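Below, each chain spelled out in residue letters.
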Amino acid sequence: MSARLHEFKDGAALGEGLADRVSAALADAVTARGKATIAVSGGSTPKAFFKSLSTRDIDWAKVTITLVDERFVPADNPRSNHLLVAENLLQGKAQAANFLPLYRAADSADEAAKIVSRDAEALGVPFDVVILGMGTDGHTASFFPGGNNLANAISAETPRGVITMEAEGAGETRLTFTFASLQDARLLVLHIEGQGKMDVLAAAENDGPETDMPIRAVLRRAATPVDIYWAP
Ligand SMILES: O=C1O[C@H](COP(=O)(O)O)[C@@H](O)[C@H](O)[C@H]1O
């Protein structure tokens, strides 16, 4: 396992520090390849980071933002990760960015996953930046312990793309990029806050099955070393 820890004094400093790093990576990608891609997580942790990143002076029209994972709910649902990103990241300077949603008003989540997997091919590979979160159950993306599609989601053999996940701890049916899609991002970040999450991370670094704490798949097998951004 090769991970680097970046520690900040509080959540505000963490959001700023991560926005510094990510905006530099996106600007470098635009310079090198004429475009940049980033997949971000939802949940309660990323708000301050999103707000800070949205103010950064980069060529947002050349940046495509998508989600690491999403609930199978429309964008006006308060639990939608799309809504979180719309209200906190796709603002200010970042309003000019392109956004690829995961939710589609399809007949089923499986159908939506197929449609968005096709659409995501246009982004190219790998992602320039992936920002993962982690739940206190050790899930990351929508790789939930006990998930009906977990083995498939974290298998190195499962191709890039978006698949569905149902799990007791997940609430709604989820749409999630597979491990293969996320693990080789040019910049791969795990963004966590609070001592509780640091304790969960320490537990994940111990021996044990990946299916018990799916973040282990990323810590152990990602092609890109994980940059951990944390504040107490
Ligand atoms: O369900 C989810 O939770 C995780 C972590 O969320 P947090 O509220 O503990 O920050 C998040 O990474 C994931 O994208 C989201 O769908």
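Whatever comes next refers back to the structure up there.
Summarised in this report is the structure supplied together with it.

Quick notes on the rules
Residues numbered from 1 in each chain as written. Predicted model: local features only at pLDDT ≥ 70, side-chain atom pairs only at ≥ 80, totals over all residues. Heavy atoms only, no water. Salt bridge = Lys/Arg side-chain N within 4 Å of Asp/Glu carboxyl O. Buried < 20%, exposed > 50% of the residue type's maximum accessible area, 1.4 Å probe, protein only. Helix = DSSP H or I, 4+ residues; strand = E, 2+ residues; numbered from the N terminus. Near = heavy atom within 4 Å. Polar contact = N/O pair within 3.5 Å; in protein donor to acceptor, adjacent residues only side chain to side chain. Areas by Shrake-Rupley, 256 points an atom, 1.4 Å probe, with all protein chains shown as cover. 1 Å grid on protein atoms, 1.4 Å probe; cavity = no way out; pocket = protein on both sides within 12 Å on 5 of 7 lines; lining within 4 Å. Sits in = over half its atoms within 2 Å of the grid points. Nonpolar A, V, L, I, M, F, W, Y, C, P; charged D, E, K, R; others polar. Contact = heavy atoms within 4.5 Å. Pairing = 2+ DSSP bridges. Axes fitted to C-alpha atoms, helices over the stretch in contact; angles between N-to-C directions.

Side note on the pattern of salt bridges
1) Next: Enumeration over the complete set of coordinates arrives at 14 salt bridges.
2) Next: Two residues, Asp-10 and Lys-9, come together in a salt bridge whose shortest N-O distance is 3.8 Å.
3) Next: Overall, Lys-9 belongs to the exposed group, its relative accessible area being 69%.
4) Next: A salt bridge links Glu-172 to Arg-71; the shortest N-O distance between them is 3.2 Å. Here Glu-172, found in the loop between β7 (162-165) and β8 (174-177), pairs with Arg-71, found in strand β4 (residues 69-71); they are 101 residues apart in sequence, far enough to count as distant.

Topic: the site of the ligand
1) Next: In the vicinity of the ligand lie 13 residues, with Ser-44, Thr-45, Asp-69, Arg-174 and Lys-197 positioned nearest.
2) Next: Between an oxygen atom of the ligand and a side-chain N or O atom of His-139, the distance comes to 3.2 Å.
3) Next: Here Lys-197 contributes a side-chain N or O atom positioned 2.7 Å from an oxygen atom of the ligand.
4) Next: Contact with the protein chains hides 87% of the accessible area of the ligand, taken as 400 Å² for the molecule alone.
5) Next: When atom positions are compared with the pocket grids, the ligand is found to occupy the largest pocket.
6) Next: For the shell around the ligand, a count of residues per class yields one nonpolar, eight polar and four charged.

Looking at the side chain of Ser-80
1) Next: Looking at where Ser-80 falls in the secondary structure, it is placed in the loop between β4 and α3 (81-88).
2) Next: Looking at Ser-80, the relative accessible area reads 3%, which means it is buried.
3) Next: Polar contacts involving the side chain of Ser-80 include one to the side chain of Glu-70, which spans 3.5 Å.
4) Next: Ignoring any residue separated from it by four or fewer positions in sequence, one finds Ser-80 in contact with Glu-70, Val-73, Pro-74 and Ala-75.

So, the sheet that holds strand β1 (residues 3-7)
1) Next: What the seven strands build is an open sheet, ordered β1-β10-β9-β6-β2-β3-β5; its pairing is parallel. Here the strands that pair on one side only, and so sit at the sheet edges, are β1 and β5 (98-100). Each neighbouring strand pair of the sheet contributes to a mean axis angle of 20°, computed without reference to strand direction.
2) Next: Sheet strands in contact with helix α1 (residues 11-33) are β1, β2 (36-40), β3 (63-67), β6 (129-132), β9 (187-193) and β10 (226-231), and its direction is about 170° off that of β9.

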